[in-house]
Structure formats: structure tokens, C-alpha cells
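Reading the structure
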Amino acid sequence: MSFLGGARNGVAPGTINQERVEMAVQELDMVTDVFNRLVSACHAKCISTRYAEGDLNKGESVCIDRCVFKFFEVNKKVGEKLQAMGANAAASGTFGGGH
């Protein structure tokens, strides 16, 4: 019942669908990249380079919360814009801005 194999799409039960494995690896790489960029950006913005305490103080914690929220909002808006551009390009038969 794994999403990496199974009896669907002409793949015998118990075998691994290599295409699905590659897609899962690509998705994991993308998620890891987004996470690393998020951590890097919010850490640089919100956390002092001089660590005085073992835990985040209230200001740092609030800053991290806001930074993460804004990061995901921007990612969502960029994704929506790219999808719209892709749909427009597909509808007009052009790709890459139609130049």
C-alpha cells in the first residue's frame, strides 16, 4: 500500500516505482531547501549573534513567529503568481513571458 509502488499503473505488487521514488526525493529536496532558507533568513533577522541565554527571549520569539508567517505568505503568493503565469502561457501557447 506504499505510495512508492503497488499494483497500479502496470507496476507489479511489491515492486518499487522508480519514477515515484525520484519524485519523492525531488520533493524532499525542495522542502529541505525551503526550510533551510527559512531558518537562515529568520535567524539572521531575529536572533542576535551574541547569545546571552539558552532560550529565545520574548522579542526573538515574536520576531521568529512573524518572520515565519511572512516567509510562508510570500512563498504562497509567489507560487500562485507562477501558477497563473503558467496557465496564461499554456492558454496562449507561449512560455517565458511571450517575448
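Let me sum up the structure you'll find in this document.

Conventions used here
Residues numbered from 1 in each chain as written. Predicted model: local features only at pLDDT ≥ 70, side-chain atom pairs only at ≥ 80, totals over all residues. Heavy atoms only, no water. Phe/Tyr/Trp six-rings, centres within 6.5 Å; stacked < 30°, edge-to-face > 60°. Axes fitted to C-alpha atoms, helices over the stretch in contact; angles between N-to-C directions. Helix = DSSP H or I, 4+ residues; strand = E, 2+ residues; numbered from the N terminus. Parallel < 35°, antiparallel > 145°, perpendicular 65-115°, else oblique. Left-handed = near helix turned anticlockwise from the far one by under 90°. Contact = heavy atoms within 4.5 Å. Core = buried A, V, L, I, M, F, W, Y, C linked by side-chain atoms within 4.5 Å. Buried < 20%, exposed > 50% of the residue type's maximum accessible area, 1.4 Å probe, protein only. Patch = residues over 30% accessible without salt bridge, like charges linked within 9 Å, V, L, I, M, F, W, Y side chains within 5 Å. Areas by Shrake-Rupley, 256 points an atom, 1.4 Å probe, with all protein chains shown as cover. Salt bridge = Lys/Arg side-chain N within 4 Å of Asp/Glu carboxyl O. Disulfide = S-S within 2.5 Å. Expected span 1.5 Å × (residues − 1). Polar contact = N/O pair within 3.5 Å; in protein donor to acceptor, adjacent residues only side chain to side chain.

Regarding the packing of aromatic side chains
We describe a pair of aromatic rings using the distance from one ring centre to the other and the angle between the two ring planes. Using the criterion set out here, one finds one aromatic pair in the structure. Relative to Phe-72, the ring of Phe-71 has its centre 6.0 Å away and its plane inclined at 90°; by these criteria the two rings are edge-to-face.

Focus on the packing of helix H1 (residues 18-46) against helix H2 (residues 58-92)
Axis separation between H1 and H2 bottoms out at 9 Å; the angle between their running directions is 140°. Between H1 and H2, the crossing angle belongs to the class labelled oblique. As H1 runs across H2, the sense of the crossing is right-handed. For the pair H1 and H2, the contacting residues are Val-34, Arg-37, Leu-38, Ala-41, Cys-42, Lys-45 and Cys-46 in the first and Glu-60, Cys-63, Ile-64, Cys-67, Val-68, Phe-71, Phe-72 and Asn-75 in the second.

Some details on the nonpolar core
By size, the foremost hydrophobic cluster in this structure holds six residues: Leu-38, Cys-42, Cys-46, Ile-47, Cys-67 and Phe-71. If you tally residues by element for this core, the top one is H1, at three residues. Apart from residues no more than four positions distant in its own chain, Leu-38 is found in contact with Val-68, Phe-71 and Phe-72.

Side note on a nonpolar patch on the surface
A cluster of nonpolar side chains, contributed by Val-74, Val-78, Leu-82 and Met-85, occupies part of the molecular surface with about 380 Å² of accessible area. Following the sequence through the fold, Val-74 ends up in helix H2.

What to know about the state of the cysteines
Here the structure, examined in full by the defined rule, presents two disulfides. One disulfide in the model links Cys-42 with Cys-67; its S-S distance is 2.0 Å. Negative torsions about the S-S bond denote left-handed disulfides, and the value of about -90° found for Cys-42 with Cys-67 makes this one left-handed. Placement of the pair is Cys-42 in helix H1 and Cys-67 in helix H2, with a sequence separation of 25 residues. Like Cys-67, Cys-42 is buried. Here Cys-46 engages in a disulfide with Cys-63; their sulfurs sit 2.0 Å apart. Disulfide Cys-46 to Cys-63: torsion about the S-S bond roughly -70°, handedness left-handed.

Looking at H1
Here H1 spans 42 Å end to end across 29 residues, near enough to the 42 Å set by a 1.5 Å rise per residue. What H1 keeps buried is the set Leu-38, Cys-42 and Cys-46. Lining the buried residues of H1 we find H2. Measuring from the side-chain oxygen of the N-cap residue of H1 to the backbone nitrogen of Glu-19 gives 3.0 Å; that N-cap residue is Asn-17.

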